[in-house]
Each structure stands twice: as C-alpha cells, then as structure tokens.
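Here's the letter readout for the chains.
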Amino acid sequence: MKPKKSMFAISTVLIAATALGACSQDTDNDSDTAKKGSEKKSQSCDRILNNDYMLPQAKPAEFKKGFTVALVRQSGVGDYFEQWGNGATKQIEAAGGKVKVYDARGNNSTQVSQFGQAISSKPDVIIVDHGLADSVNPKIDEAIDKGIPVVVYDVDIANCDATYISQNDESIAEEILGYLKKENPDGGKIAYVNVSGIAPLDSRNKVYQEFLKGNPEFKQVAHFGKYTESVAADTATEGAAALSAAKDTTIAFAAYDELAKGTLIALRQQGLSDKVKVYGVDISTADIQLMIKSGSPWRATAATDPANVGAVVARAAIGKAAGADLPDKMTIPATLITQDQLVDKNVENMDDLRKALPELSTPDYLGAPWIPEITPGQ
C-alpha cells in the first residue's frame, strides 16, 4: 500500500472477507475443474525472486498494437493510488495498448464481480492491483485457466503462473524502523498503526514484530488503524480514542501513508503533535506537504514513486501480453525520505522529489527498446 499507497497500498484493508460462491452444474467435468481450482488456491507457491530479469530486447512476434489490458484494482483514498494508476495507464498507452479499469474501491464483493467482467471481456492481459487474497485468488485461477496472463501487484497469490510484483516490503520496514531507532536511540513508547489481511502490510508487520523483539527499549502502548473509503478520517477517530488512553506515547509507526495521515489528525486532537514523532511508509504530494509543514511530527517515510511502480507493473503486463516468460516474483526497491531532506532540498511536491531523488525512477527495470520510455508523473 499505497497501499500504498500498492501501494502500495492499502488496510483492514480491502475490507473484510467476502464469502465466494459459484453456481455449477452437477457434472464430472465441473467437479474436476472445481477440484483443480481448489488445489491451486491451497498450494503454497514457492516463488523465486529474480530482479535481474530483462525483457527480450527484440520485439516478440506475439506483440501486437492495440493490445488490451484489464486493470482490476482495489484502490483507496489518496493520491498514491491515482499516481499509480496514471503511471500504469501512461506506460500501456505509450506502447500502443488500451486499458479498461475496474476499481472496487474497498469492496471485496465488487472486486470479485468486476474481475469476472474483466475475464469475460477477454483482454490480452490482466493486472491485479491490490485486493484480498481470498477474494481474488479464485478469479486469478479462472483467468489463467482461460489463457489470460496475469500480473499481480501486492496481493498474496497462490497461482505460480501469475507474475507477482511488489515493493520490497521487508526492506521498506527495515529502512524506516532503522531510521526510527537512529532518531530515538534510547527507545520509546510506540503507537502502532496498521491493519491485517493485506500482503504488503502483513510483510511490514512481520518486520515490526521482529523489531520489537530485538529492541526491548521500545514498547508498544497503542494499536489502531482502519481501512475504509475514508482511511485517514476513520483511523483518526480510532486513533484519538486509543491515544487518549496512551498519553505517554512518544513514537508512532504507520505502515502506509493514509494511516499516517490519520495518525497526524489523532495526535492533533489529543494535543500530542509536539510530543510524538511519526514514521510512515509511501509518499505523495499530499504527504510531502504534511511532512514539510512547520512543526510537523512526521519525521520520515520509506517509499517508492507510485507512478514509477505503476509503470513497472505495466511493462510486466506488456511483456506477458507479448508472450514473454517473466519470473515468478520481482520487487521494486524503496528509498528512505526524511523530513530534513525535503526541507533542505526545498521539495514541495512529487515533481520536486523526482528531481531531488532521481533514483526513484527505474526506466531500465523491465525496460525494452520496443516499449517507449515514459517519464512517470508527467
């Protein structure tokens, strides 16, 4: 997440599990198909990470202009998801493709329904951007069974025939928690802001739990976080109640940026903004404005450029649509971005940040001569 957010990205996220049902006729063939789908879903896919993979440098024979991409999304509030989607769409259109977006916006049953619509449209490739694993895994199986290649971003998937791309969420959590410790060498009392059920946030949670075990000088005194259509506002409401019972909090760690925004509101409501340092994940123009605001407690974030991430995922989908044999798994490295850096470099928005930190752009990552290079965010 963005969750992000990803985003991501990002959350009780993608909220609550939805019961899935399917109508089937009572035939042996249907029974066998259902059994195979169930087996795929239950398999533990032992993915092999390969960040050195390169797309074919010569245009594949299967590549065709006018290829179609179905983007099945579970986006949330905030410009992280908007930037991610814009980056993906711009890259696909630059390569001569067309995008149809299906955005469930936090509703799992809607995402399942929309995924079915996407499959029925018979696109050349499907991108899945965030979602709840239990909801989307059966639909991923269905798409692949029907010969439609699938690229997934930040969903815990079981089908090894789908290419999985994510931020390096373990590295992200290690980066920000390492900086948190650097700024608070004597430890502190932490308000932990996260939700469960989303692959990237669960990965960050594992690192956080190990951090607590290895650094007993840090104690968790509060835990809150909501994923809804209004993540920041609802997290703020829950956070204000939690912080009112934990006035001794000195540090807040929020696992994605909308959660960090909600934390800032809750701290302000409780009169704790000048007493608690906030550390987050992900970046956007809105986040930058909050970080550089005079007296802001948001000290640092670990992030990728969401527009660049969307473009990378799009290039993977373009490759899959052209018949390229992509790896099981690839990850996109993140960068530590501190409040001091932003102020020192006069960064006020994402365009400024891209100029100040050019490493956020990775045009060679899944780049190829037959895929036009774009400038993410423009």
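Note that this is a predicted model, so its numbers are computed, not measured. (Residues numbered from 1 in each chain as written. Predicted model: local features only at pLDDT ≥ 70, side-chain atom pairs only at ≥ 80, totals over all residues. Heavy atoms only, no water.)

## Section: the overall build of the chain
Here is the rule: We count a stretch as a helix when DSSP gives it H or I for four or more residues in a row; a strand needs E for two or more, and each element gets its number in order from the N terminus. For every residue, the accessible area (1.4 Å probe, protein chains only) is compared with the maximum for its type, and the residue is labelled buried under 20%, exposed over 50%, or partly exposed between those bounds. In these tables, accessible area is a Shrake-Rupley quantity obtained with a 1.4 Å probe, and a residue counts as shielded only by the protein chains included in the view.
On a plain count of helices and strands, the chain comes out with 12 helices and 12 strands. Counting across all 378 residues of the chain, residues that qualify as buried make up 56%. As presented, the chain carries roughly 15600 Å² of accessible surface, and 47% of it is formed by carbon and sulfur atoms.

## Re helix α10 (residues 306–321)
Basically, it comes down to this: How far a helix is expected to stretch is found by multiplying one less than its residue total by 1.5 Å. Side-chain atoms alone can form a polar contact between residues adjacent in sequence; in general such a contact is a pair of N or O atoms within 3.5 Å, and within protein one must be able to donate a hydrogen while the other accepts it.
End to end, α10 covers 22 Å across 16 residues, agreeing with the expected 22 Å (1.5 Å per residue, within 8%). For α10, the side-chain oxygen to backbone nitrogen distance between the N-cap and Ala307 is 3.0 Å, and the N-cap itself is Asp305. In the segment just after α10, Gly323 is the residue with positive phi, at about 90°.

## Section: the packing of helix α3 (residues 108–120) against helix α4 (residues 133–145)
Note the cut-off: For helices, the fitted line uses only the C-alpha atoms of the stretch in contact; every axis is such a line through C-alpha atoms, and the angle between N-to-C directions lies from 0 to 180 degrees. Orientation is classified from the angle alone, with under 35 degrees giving roughly parallel, over 145 giving roughly antiparallel, 65 to 115 giving roughly perpendicular, and any other angle giving oblique. Note on contacts: a residue pair is in contact if any heavy atoms of the two residues lie within 4.5 Å. When residues are grouped by polarity, Ala, Val, Leu, Ile, Met, Phe, Trp, Tyr, Cys and Pro land in nonpolar, Asp, Glu, Lys and Arg in charged, and all others, Gly among them, in polar.
Taken N-terminus to C-terminus, the directions of α3 and α4 make an angle of 5°; their axes are 9 Å apart at the nearest point. It follows from the interaxial angle that α3 and α4 lie roughly parallel. Here Asn108, Gln111, Val112, Phe115, Gly116 and Ile119 of α3 lie close against α4, whose contacting residues are Ser135, Val136, Lys139, Ile140, Glu142 and Ala143. By residue class, the composition of the contact of α3 with α4 is six nonpolar, four polar and two charged.

## A closer look at the sheet that holds strand β9 (residues 277–281)
Which entries qualify depends on this criterion: Pairing between strands requires that DSSP locate at least two bridges from one strand to the other.
Taken in spatial order, the six strands line up as β7-β6-β8-β9-β10-β12 in an open sheet, and their pairing is mixed. At either margin of the open sheet sits one strand with a lone partner, and together these are β7 (218–224) and β12 (335–338). Adjacent strand axes in the sheet meet at a mean angle of 20°, parallel and antiparallel pairs treated alike. Packing of helix α6 (residues 199–214) onto the sheet brings it into contact with β6 (188–193), β7, β8 (251–254) and β9, and relative to β6 it is tilted by some 165°.

## Structural notes on the side chain of Thr335
Within the fold, Thr335 resides in strand β12. What makes Thr335 buried here is its relative accessible area of 16%. The residues contacting Thr335, other than those within four sequence positions of it, are Thr301, Ala302, Ala303, Leu357, Glu359 and Leu360.

## Here's the deal with the packing of aromatic side chains
Our working rule: Geometry of aromatic contacts follows a simple scheme: Phe, Tyr and Trp rings, the Trp one being its six-membered ring, pair when their centres are within 6.5 Å, and the pair is stacked under 30 degrees between planes, edge-to-face over 60, tilted otherwise.
Following the criterion strictly, the structure yields nine aromatic pairs and no others. The interplanar angle of 80° and the centroid separation of 5.6 Å between the aromatic rings of Tyr80 and Phe81 together place this pair among those described as edge-to-face. Summarising the burial analysis for this pair, Tyr80 and Phe81 share the class buried. Taking the centre distance of 5.9 Å and the plane angle of 20° together, the rings of Tyr192 and Phe253 count as stacked.

## A few points about the packing of helix α7 (residues 231–244) against helix α8 (residues 257–269)
Filter applied, for reference: When the near helix sits turned anticlockwise from the far one by under a right angle, the crossing is termed left-handed; a clockwise turn instead gives a right-handed crossing.
For the pair α7 and α8, the least separation of the axes is 7 Å and the interaxial angle reads 45°. In terms of axis orientation, α7 runs oblique to α8. For the element pair α7 and α8, the recorded crossing hand is right-handed. Where α7 abuts α8, its residues Val231, Ala232, Thr235, Ala236, Gly239, Ala240 and Leu243 lie against Glu258, Leu259, Lys261, Gly262, Thr263, Ile265, Ala266, Leu267 and Gln269.

## What about the environment of Gly131?
If you trace the backbone, Gly131 turns up in the loop between β3 (125–129) and α4. Remark: the alpha-carbon pair of Gly131 and Asn107, spanning 24 residues in sequence, is separated by 9.2 Å.

## Some thoughts on the side chain of Arg47
Relative to the assigned elements, Arg47 resides in the loop between α1 (28–42) and β1 (68–73). Within the structure, Arg47 has its side chain in polar contact with the backbone oxygen of Asn159 (distance 2.7 Å). Side-chain polar atoms of Arg47 contact the backbone oxygen of Asp328, separated by 3.0 Å. When residues no more than four places from it in sequence are discounted, the contact partners of Arg47 are Ile157, Ala158, Asn159, Cys160, Ala162, Tyr164, Asp328 and Lys329.

## Here's the deal with the pairing of β3
Across the five residues of β3, five count as buried, placing the element largely inside the fold. By the alternation rule, side chains of β3 split into Val125, Ile127 and Asp129 and Ile126 and Val128, which are all buried. Across five bridges, the pairing between β1 and β3 is parallel. Looking at the pairing, Ala70 lines up with Ile126 of β3. Relative to strand β4 (residues 150–153), β3 runs parallel, the two being bridged by four bridges.

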